[in-house]
Amino acid sequence: GAGLEEVKRLTKETNVSVKINLDGTGVADSSTGIPFLDHMLDQLASHGLFDVHVRATGDIHIDDHHTNEDVALAIGSDFESYQQRELGNWSGKRVS
């Protein structure tokens, strides 16, 4: 299957865990403490037809910027690792 590796990101401000299954059905299971981010992750999964599992805690009592950023970085890192492992280096290439 096309399950990606779990990516964990731990910083002074956040603790993030992301798992994505590209062979999924569009299910999102997200708990970030930021309702709009959870909603956007749900939309990403349902429209992309892959499963997204995200757990994140952060300093949202100050600002939600770090949590948003670190969730995005973890998702991007998961896709990048998959791309490198399964597709080779596509850096700068475009599919027409």
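Residues numbered from 1 in each chain as written. Predicted model: local features only at pLDDT ≥ 70, side-chain atom pairs only at ≥ 80, totals over all residues. Heavy atoms only, no water.

A. A look at helix H1 (residues 35–48). Between its terminal C-alpha atoms H1 stretches 20 Å, which fits the 20 Å expected from 14 residues at 1.5 Å a residue. Listed in full, the buried residues belonging to H1 are Leu37, Asp38, Leu41 and Ala45. Along the axis of H1, the buried positions cluster into a sector of 100 degrees, meaning they face one direction only. Along H1, the residues that are exposed and aim more than 90 degrees away from the buried face are Pro35, Phe36 and His47. The secondary structure elements touched by the buried residues of H1 are strand S3 (28–31), strand S4 (51–58) and helix H2 (65–87). Immediately downstream of H1, the backbone of Leu49 shows phi near 55 degrees, a positive value. (Helix = DSSP H or I, 4+ residues; strand = E, 2+ residues; numbered from the N terminus. Expected span 1.5 Å × (residues − 1). Buried < 20%, exposed > 50% of the residue type's maximum accessible area, 1.4 Å probe, protein only. Arc of directions from axis to C-beta. Contact = heavy atoms within 4.5 Å.)

B. Highlighting the sheet that holds strand S1 (residues 7–10). Reading across from one edge, S1-S2-S4-S3 is the order of the 4 strands in this open sheet, with mixed pairing throughout. The sheet terminates laterally at S1 and S3, the two strands that pair on one side only. The sheet shows a mean angle of 5 degrees between the axes of neighbouring strands, direction not considered. Pairing geometry for strand S2 (residues 14–21) and S4, over 8 bridges, is antiparallel. Opposite Val16, over in S4, you have Ala56 as the bridge partner. Contacts from H2 reach S1, S2 and S4 within the one sheet, and its direction differs from that of S2 by about 35 degrees. (Pairing = 2+ DSSP bridges. Axes fitted to C-alpha atoms, helices over the stretch in contact; angles between N-to-C directions.)

C. Highlighting the pattern of salt bridges. If you walk through the whole model with that rule in mind, you get 2 salt bridges. We note a salt bridge from Asp70 to Arg9, for which the minimum N-O separation is 2.9 Å. Linking Asp70 in helix H2 with Arg9 in strand S1, this pair joins segments that are 61 residues apart in sequence. For Asp70, a relative accessible area of 4% translates into the label buried. Exposure remark for Arg9: the relative accessible area of 30% places this residue in the partly exposed category. We note a salt bridge from Asp29 to Arg55, for which the minimum N-O separation is 2.9 Å. (Salt bridge = Lys/Arg side-chain N within 4 Å of Asp/Glu carboxyl O.)

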